[in-house]
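# Descriptive structure summary
Residues per chain, in single letters:
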Amino acid sequence: TLHDAGESELAAEVLGHLADPTRLHLLRLLRGGEQDVSTLTAQVSASRSSVSQHLGRLRLAGLVQVRRDGRRMLYRVGSDHLHA
């Protein structure tokens, strides 16, 4: 049905975002709580700019959320389902 097709497209889009090892690693790290780009960069084998780009894609996909704390941007898992 059309509803099932829409759900399948959404699932494929989310899985596409998760297909990258760096993005998966970032999501695993964020399960432990909010972190900024510098903290995340120190824990993955990617440059700060690459980590920022990956976080941007995850944010646009609704997989992570961000909030400003002074000058820092703090990222967290954006879905209880993903967190579980």
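Residues numbered from 1 in each chain as written. Predicted model: local features only at pLDDT ≥ 70, side-chain atom pairs only at ≥ 80, totals over all residues. Heavy atoms only, no water.

Overall, the coordinates contain four salt bridges when judged by the stated rule. Across the pair Arg67 and Glu34 runs a salt bridge, and its minimum N-O distance is 2.8 Å. Residue Arg67 is found in strand β2 (residues 64-69), and its partner Glu34 is found in the loop between α2 (21-30) and β1 (35-36); the two are separated by 33 residues along the sequence. Arg76 is paired through a salt bridge with Glu34; the nearest N and O atoms lie 3.4 Å apart. Of the two residues, Arg76 sits in strand β3 (residues 72-77) while Glu34 sits in the loop between α2 and β1, which places them 42 residues apart along the sequence. Look at Glu34 and you get partly exposed, because its relative accessible area is 31%. Through salt bridges with shared partners, a single network forms among Glu34, Arg67 and Arg76. (Salt bridge = Lys/Arg side-chain N within 4 Å of Asp/Glu carboxyl O. Helix = DSSP H or I, 4+ residues; strand = E, 2+ residues; numbered from the N terminus. Buried < 20%, exposed > 50% of the residue type's maximum accessible area, 1.4 Å probe, protein only.)

The first and last C-alpha atoms of helix α4 (residues 48-60) sit 18 Å apart over 13 residues, in line with the 18 Å expected at 1.5 Å per residue. When we look at burial in α4, the residues that qualify are Val51, His54, Leu55 and Leu58. The buried residues of α4 occupy an angular sector of 100° when projected down its axis, which confines them to one face. Among the exposed residues of α4, those oriented more than 90 degrees off its buried face are Gln53 and Leu60. Residue Gly62 follows α4 closely and has a positive phi angle near 80°. (Expected span 1.5 Å × (residues − 1). Arc of directions from axis to C-beta.)

Because an α-helix packs 3.6 residues into every turn, residues spaced three or four apart end up facing the same way. Within the sequence span of α2, burial applies to Arg23, Leu26, Leu27, Leu29 and Leu30. Along the axis of α2, the buried positions cluster into a sector of 160°, meaning they face one direction only. Among the residues of α2, the N-terminal cap falls to Asp20, whose side-chain oxygen and the backbone nitrogen of Thr22 are separated by 2.9 Å. (Polar contact = N/O pair within 3.5 Å; in protein donor to acceptor, adjacent residues only side chain to side chain.)

Grouped together as the largest cluster of nonpolar side chains are 16 residues, with contacts concentrated most on Leu26, Leu30, Leu40, Val51 and Leu55. At the level of elements, α2, α3 (37-41), α4 and β3 are the ones that each hand at least two residues to this core. Ranked by residues supplied to this core, first place goes to α2 with four residues. Ignoring anything within four residues of it in the chain, the contact list for Leu40 reads Leu26, Leu29, Leu30, Gln35, Val51 and Leu55. (Core = buried A, V, L, I, M, F, W, Y, C linked by side-chain atoms within 4.5 Å. Contact = heavy atoms within 4.5 Å.)

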